[in-house]
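The primary structure of each chain is shown beneath.
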Amino acid sequence: MPAFVRYLTPLILFLALAVLLYAGLSRDPRVVPSPLVGKPAPEFVLPELKDPQQQVALADFIGEVTVFNVWATWCSGCRAEHPLLMRLAEQGVRIYGLDYKDDRADALRWLQQFGDPYIANAFDESGRVGIDWGVYGTPETFIIDKQGVIRYKHIGPVTVEAINDTILPLIAELQGTPG
Amino acid sequence: MKWLPLLLSLWFSAASAGLESYDFSGNVNEKQFKELISELRCLVCQNQSLGDSDAGLADDLRREVYDLMDQGRSDQEIVDFLVSRYGDFVLYDPPIKPSTYILWYGPGALLLLGMLLLGRTLRQRRAQIRTETDLSEEERRRLNQLLHEQDEATGDKQ
């Protein structure tokens, strides 16, 4: 073995380990990959938030690309992402909400105060539908294609980068495919 | 130290994570229930099991596990129910499959690699010590000569 290889080996091993560990550090341990991505969205039927006589169901999503946003008034990340959802809605993106384990009066006040980007909100008071959707930390945002298959899940508040780099391009791509 | 009892009571209340509200007189075996929730990981406080965690979601999932047990589902069916929603992450004992090979076999492979390297280094060092300490032909002759001279010298004295 030439001498320089001998001396460089520890350095190379160290750099490889440093890269591996650094990659580990930059991952957010709170982001757990969802097994639901690529699978048909779980069925649900829930009362609507504003009008409990109405229902919101998975069937409402079918036929159009839909953003399904899980939120609650007790969730500070939801407050942070709210203006971005408003902007998405202004751009014509179809957003449905899942108001997760919330108080109806609080939620109505929230929408009145900060604006309502949602076409409709499913009111999941018990959080049972949240379990079916694998919700573990609000806010969470799903993108569902025209056939009702979950194509993407964003955990935590959506960011400008996530919207521009991932969410809007994916919606455009999915809209291009026949329903 | 009048706050000590308060601290202790907080600690004990955290450790029990509100299992008192469950009724184990029916279909659900208490021991089986507690075992199962201790083997499942809470997604919110990731270093706690469903049994230990006080997070709201852990409470909901415990209730879900209880209800599924009450319906007579097997442990495996309940684990599958949670894995299909939350992924392998909920398992403290993840399955062996290509994406977890490095987790299961990585430490063993590293140990093996280390032992191979250690063995090689030791062999090399032993060979090196042998060549460094072995005498050359020239040195041997000189050594013999020196010993010989000494013999003669001591012989003279006698």
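Everything numeric here is computed off the predicted structure, so don't read it as measured data. (Residues numbered from 1 in each chain as written. Chains lettered and ligands numbered in written order. Predicted model: local features only at pLDDT ≥ 70, side-chain atom pairs only at ≥ 80, totals over all residues. Heavy atoms only, no water.)

**Looking at the packing of helix α2 (residues 30-38) of chain B against helix α3 (residues 56-70) of chain B**
All names here are of chain B.
At step 1: Close contact between α2 and α3 brings their axes to 11 Å; oriented N to C, the two are set at 135°. The angle between the axes of α2 and α3 places the two elements in the oblique class. Crossing geometry of α2 relative to α3 is assigned as right-handed. Facing Gln 32, Phe 33, Leu 36 and Ile 37 of α2, the residues of α3 in contact are Arg 62, Val 65, Tyr 66 and Met 69.
At step 2: Classifying every residue of the contact of α2 with α3 gives six nonpolar, one polar and one charged. (Axes fitted to C-alpha atoms, helices over the stretch in contact; angles between N-to-C directions. Helix = DSSP H or I, 4+ residues; strand = E, 2+ residues; numbered from the N terminus. Parallel < 35°, antiparallel > 145°, perpendicular 65-115°, else oblique. Left-handed = near helix turned anticlockwise from the far one by under 90°. Contact = heavy atoms within 4.5 Å. Nonpolar A, V, L, I, M, F, W, Y, C, P; charged D, E, K, R; others polar.)

**Quick notes on the interface of chain B and chain A**
At step 1: Of the residues lining the interface, 17 residues belong to chain B; the matching set on chain A comes to 19 residues.
At step 2: Carbon and sulfur atoms supply 51% of the area that chain B and chain A bury against each other, a total of about 1,300 Å² over both sides.
At step 3: It is Asp 60, Arg 85 and Tyr 86 of chain B in chain B that bury the most area against chain A; as a group they hold 38% of the surface buried on that side.
At step 4: The interface formed by chain B and chain A holds three salt bridges in total.
At step 5: Between Lys 101 of chain A and Asp 60 of chain B there is a salt bridge; the shortest N-O distance is 2.4 Å.
At step 6: Our enumeration of links across chain B and chain A arrives at four residue pairs in polar contact (both at pLDDT 80 or more).
At step 7: Mapped onto the side of chain B that touches chain A, the elements with two or more residues apiece are α3, α4 (75-86) and α5 (101-133) of chain B. (Buried area = accessible area lost by both parts, 1.4 Å probe. Salt bridge = Lys/Arg side-chain N within 4 Å of Asp/Glu carboxyl O. Polar contact = N/O pair within 3.5 Å; in protein donor to acceptor, adjacent residues only side chain to side chain.)

**Quick word on the state of the cysteines**
Each disulfide consists of a covalent bond between the sulfur atoms of two cysteine residues.
All names here are of chain A.
At step 1: For the structure shown, the criterion picks out one disulfide over all chains.
At step 2: One disulfide in the model links Cys 75 with Cys 78; its S-S distance is 2.1 Å. For the disulfide bridge between Cys 75 and Cys 78, the dihedral angle about the S-S bond is near 90°, and by the sign convention the bridge is right-handed. (Disulfide = S-S within 2.5 Å.)

**A few points about the nonpolar core**
At step 1: In terms of nonpolar packing, the biggest core is built from 52 residues, with Phe 44 and Trp 133 of chain A together with Phe 33 of chain B touching the most fellow members.
At step 2: Top element by residues in this core is α3 of chain B. It accounts for seven residues. (Core = buried A, V, L, I, M, F, W, Y, C linked by side-chain atoms within 4.5 Å. Buried < 20%, exposed > 50% of the residue type's maximum accessible area, 1.4 Å probe, protein only.)

**Points about the packing of aromatic side chains**
Residue and element names in this part refer to chain A.
At step 1: One pass over the full model with this rule turns up 18 aromatic pairs over all chains.
At step 2: Ring geometry for Trp 74 versus Tyr 100: centroids 6.3 Å apart, planes at 55°, classification tilted. Taken together, the residues span a long stretch of sequence, with Trp 74 in the loop between β3 (66-71) and α2 (76-90) and Tyr 100 in strand β4 (residues 95-100) at a distance of 26 residues.
At step 3: Among the aromatic residues, those joined into a cluster by ring pairs are Phe 44, Phe 61, Phe 68, Tyr 96, Trp 133 and Phe 142. (Phe/Tyr/Trp six-rings, centres within 6.5 Å; stacked < 30°, edge-to-face > 60°.)

**Some words on the domain arrangement of chain B**
At step 1: As far as domains go, chain B holds domain 1 (16-93) and domain 2 (99-145).
At step 2: Computed from C-alpha atoms alone, the centre-to-centre distance between domain 1 of chain B and domain 2 of chain B is 52 Å. (Domains from an automatic or database assignment.)

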